[in-house]
Amino acid sequence: TPTLGICVGMQMLSTNGLEFGNHKGLNIIAGTVRRLKTDLKVPHMGWNVVSVQKPHPVLSAIDGEDVYFVHSFVFDVANDDHVLACCDYGEKFTAVVGKNTRIATQFHPEKSQRVGVPEAIFSNSADRMSALKLSIHAPYAPTPGNTNLSADKICSGVVISRVLPPDFSMALVT
């Protein structure tokens, strides 16, 4: 199933994480999550420029753009082929990973205004993948006829479904 992980959702894809001990991740993308090494203030909270390292349809609108981060830990990815974008905050770190049908961001698309709003990210992907429809299913899903979903209502448990073939779906893990 195509999956989009956001922030901790990205970190969960790792082999292991070192926050409050050594804990196993889902091991979908090999690597370790560790504390950000910088002389700058941690947690890293605020806007920072993303540099795309490998082209991906979902990332076509973010190269060189500012997106919003809130994190203290970074994902050291074992295979550079899975690093799609990076950022620098006193040290260069992975901002976006991808493998097969899974992609994940360290930044928060739902807080990144025009560059990162989920509708924009998904429409970039949808155009290239010939998707026919995007629907959002969440604890705070919009009511029929009201498609406004504010950033504060995009939270854990959001599932995004696209109609490509009927069994195609995308899970959003935050």
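About the cut-offs
- Residues numbered from 1 in each chain as written.
- Predicted model: local features only at pLDDT ≥ 70, side-chain atom pairs only at ≥ 80, totals over all residues.
- Heavy atoms only, no water.
- Helix = DSSP H or I, 4+ residues; strand = E, 2+ residues; numbered from the N terminus.
- Contact = heavy atoms within 4.5 Å.
- Pairing = 2+ DSSP bridges.
- Buried < 20%, exposed > 50% of the residue type's maximum accessible area, 1.4 Å probe, protein only.
- Polar contact = N/O pair within 3.5 Å; in protein donor to acceptor, adjacent residues only side chain to side chain.
- Phe/Tyr/Trp six-rings, centres within 6.5 Å; stacked < 30°, edge-to-face > 60°.
- Patch = residues over 30% accessible without salt bridge, like charges linked within 9 Å, V, L, I, M, F, W, Y side chains within 5 Å.
- Areas by Shrake-Rupley, 256 points an atom, 1.4 Å probe, with all protein chains shown as cover.
- Salt bridge = Lys/Arg side-chain N within 4 Å of Asp/Glu carboxyl O.

> I'm lost on the overall build of the chain in this one. Help?
Secondary structure summary: the chain contains three helices and 14 strands in total. In the chain, the proportion of contacts linking residues at least 24 apart, taken out of those at least 6 apart, comes to 59%.

> I'm lost on the sheet that holds strand 8 (residues 73-77) in this one. Help?
Hydrogen bonds between backbone groups are what pair the strands of a sheet, and the pairing can be parallel or antiparallel. Here we have four strands laid out as an open sheet, ordered 3-2-4-8, and mixed in their pairing. Taken across any chain shown, the strands that pair with only one partner, and hence form the sheet edges, are strand 3 (23-24) and strand 8. Relative to strand 4 (residues 31-35), strand 2 (residues 16-17) is paired through two bridges, and the arrangement is parallel. Bridge assignment links Asn16 to a residue of strand 4, and that residue is Thr32.

> Explain the environment of Glu110 to me, please; I cannot follow it from the model alone.
Within the secondary structure, Glu110 is located in the loop between strand 11 (102-105) and helix 2 (113-116). Residue classification places Glu110 among the buried positions, given a relative accessible area of 10%. The sequence separation of Glu110 and Tyr68 amounts to 42 residues, and the corresponding C-alpha distance is 8.8 Å.

> Sorry if this is basic, but what is going on with the side chain of Ser112 here?
Along the chain, Ser112 turns up in the loop between strand 11 and helix 2. For Ser112, a relative accessible area of 1% corresponds to the buried category. Side-chain polar atoms of Ser112 contact the backbone nitrogen of Tyr68, separated by 2.9 Å. Apart from the residues lying within four places of it in its own chain, the contact partners of Ser112 are Trp47, Val67, Tyr68 and Phe107.

> I'm lost on the packing of aromatic side chains in this one. Help?
Here the distance between the centres and the angle between the planes together describe a pair of aromatic rings. Applying the stated rule across the entire model yields three aromatic pairs. Geometrically, the ring pair formed by Phe69 and Phe93 is edge-to-face, given 5.5 Å between the ring centres and 80 degrees between the ring planes. Pair noted here: Phe69 is in strand 7 (residues 66-71) and Phe93 is in strand 10 (residues 92-99), with a separation of 24 residues, a long-range link. Both residues of the pair, Phe69 and Phe93, belong to the buried class. Among the aromatic residues, those joined into a ring-pair cluster are Phe69, Phe93 and Phe107.

> Looking at this model, I keep getting lost on a nonpolar patch on the surface. Mind explaining?
Together, Val8, Met12 and Leu26 make up an exposed nonpolar region whose accessible area comes to about 260 Å². Here Leu26 shows up in the loop between strand 3 and strand 4.

> I keep staring at the pairing of strand 1 (residues 3-6) and nothing clicks. Help me out?
As a general feature of sheets, a regular strand has side chains that alternate between the two faces. The side-chain alternation of strand 1 yields two buried faces, one formed by Thr3 and Gly5 and the other by Leu4 and Ile6. Both strand 1 and strand 11 contribute to a ladder of four bridges, which runs parallel. Each bridged residue has a counterpart across the sheet, and for Ile6 the counterpart in strand 11 is Thr105.

> Looking at this structure, how should I read the side chain of Ser72?
The residue Ser72 is located in the loop between strand 7 and strand 8 in this model. Among the residues examined, Ser72 registers a relative accessible area of 18% and is labelled buried. Here Ser72 is in contact with Arg34, Arg35, Leu36, Val42 and Pro43, once residues within four sequence places are set aside.

> How should I be thinking about the pattern of salt bridges in this particular structure?
Side-chain pairing between opposite charges can occur once the charged atoms of the two side chains come close. The full count for this structure, using the stated rule, is two salt bridges. As a salt-bridge pair, Asp76 and Arg34 come within 2.6 Å of each other at their nearest N and O atoms. Here the residue Asp76 occupies a position in strand 8, and Arg34 occupies one in strand 4, the gap between them amounting to 42 residues. For Asp76, a relative accessible area of 35% gives the class partly exposed.

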